[in-house]
Amino acid sequence: MKPEEIRKLDAYFKRLFRTDKIEVRARPRKDDSCELYLDDEFLGVIDRIEDEGEVSYNLAMAILDIDLD
């Protein structure tokens, strides 16, 4: 993903969750997605999807059952 896209996503998530502790980071060796973190904890992957000239982003977040206890 382009740095400008990552900056826009970062600002979006900071506004959405009302915290500066959330951060969107580039992925090493990948240019079609980025990663979402809260402090240093990995939350998920944000994929860039382009279809018929329209761009959208998909956040994939896995939650382990042991984390629910």
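A short tour of the structure in this document, coming up. Worth saying up front: this structure is predicted, and the values here are computed from it rather than measured. (Residues numbered from 1 in each chain as written. Predicted model: local features only at pLDDT ≥ 70, side-chain atom pairs only at ≥ 80, totals over all residues. Heavy atoms only, no water.)

1. Description of the overall build of the protein
Helix and strand content of the protein: one helix and four strands. Taken over the C-alpha atoms alone, the protein extends approximately 45 × 25 × 25 Å along its principal axes. Each of the 69 residues in the protein was classed as buried or not, and the buried ones make up 25%. Sequence-distant contacts in the protein: of pairs separated by 6 or more residues, those separated by 24 or more amount to 18%. When the accessible surface of the protein is summed, it comes to about 5,600 Å², and 49% of that surface belongs to carbon and sulfur atoms. Between the averaged position of the 12 positive side-chain charges in the protein and that of its 19 negative side-chain charges there is a distance of 6 Å. (Helix = DSSP H or I, 4+ residues; strand = E, 2+ residues; numbered from the N terminus. Buried < 20%, exposed > 50% of the residue type's maximum accessible area, 1.4 Å probe, protein only. Contact = heavy atoms within 4.5 Å. Areas by Shrake-Rupley, 256 points an atom, 1.4 Å probe, with all protein chains shown as cover. Lys, Arg positive; Asp, Glu negative; His and termini not counted. Charge placed at Lys NZ, Arg CZ, Asp CG, Glu CD.)

2. Remarks on the nonpolar core
Met 1, Ile 6, Leu 9, Phe 13, Ile 22, Val 24, Cys 34, Leu 36, Leu 43 and Ile 46 together form the largest nonpolar core, which totals ten residues. Secondary-structure elements contributing two or more residues to this core are helix H1 (3-17), strand S1 (22-26), strand S2 (33-38) and strand S3 (41-51). In terms of residue count, the dominant contributor to this core is H1 (three residues). Ignoring sequence-local partners within four residues, the contact set of Ile 22 consists of Asp 10, Phe 13, Lys 14, Phe 17, Leu 36, Tyr 37, Leu 38 and Leu 43. (Core = buried A, V, L, I, M, F, W, Y, C linked by side-chain atoms within 4.5 Å.)

3. Concerning the packing of aromatic side chains
For the structure on display, the rule yields three aromatic pairs. Ring geometry for Tyr 12 against Phe 13: centres 5.3 Å apart, planes inclined by 75°, an arrangement best described as edge-to-face. Look at Tyr 12 and you get partly exposed, because its relative accessible area is 39%. For Phe 13, a relative accessible area of 7% translates into the label buried. Seen from their ring centres, Phe 13 and Phe 17 are 6.2 Å apart, and the 5° between their planes marks the pair as stacked. Taken together, the residues span about one helical turn, with Phe 13 and Phe 17 both in helix H1 at a distance of four residues. Members of the aromatic cluster, connected to one another through ring pairs, are Tyr 12, Phe 13 and Phe 17. Taking NZ or CZ as reference, Arg 25 lies 3.9 Å from the ring centre of Tyr 37, over its face. (Phe/Tyr/Trp six-rings, centres within 6.5 Å; stacked < 30°, edge-to-face > 60°. Lys NZ or Arg CZ within 6 Å of the ring centre and 35° of its normal.)

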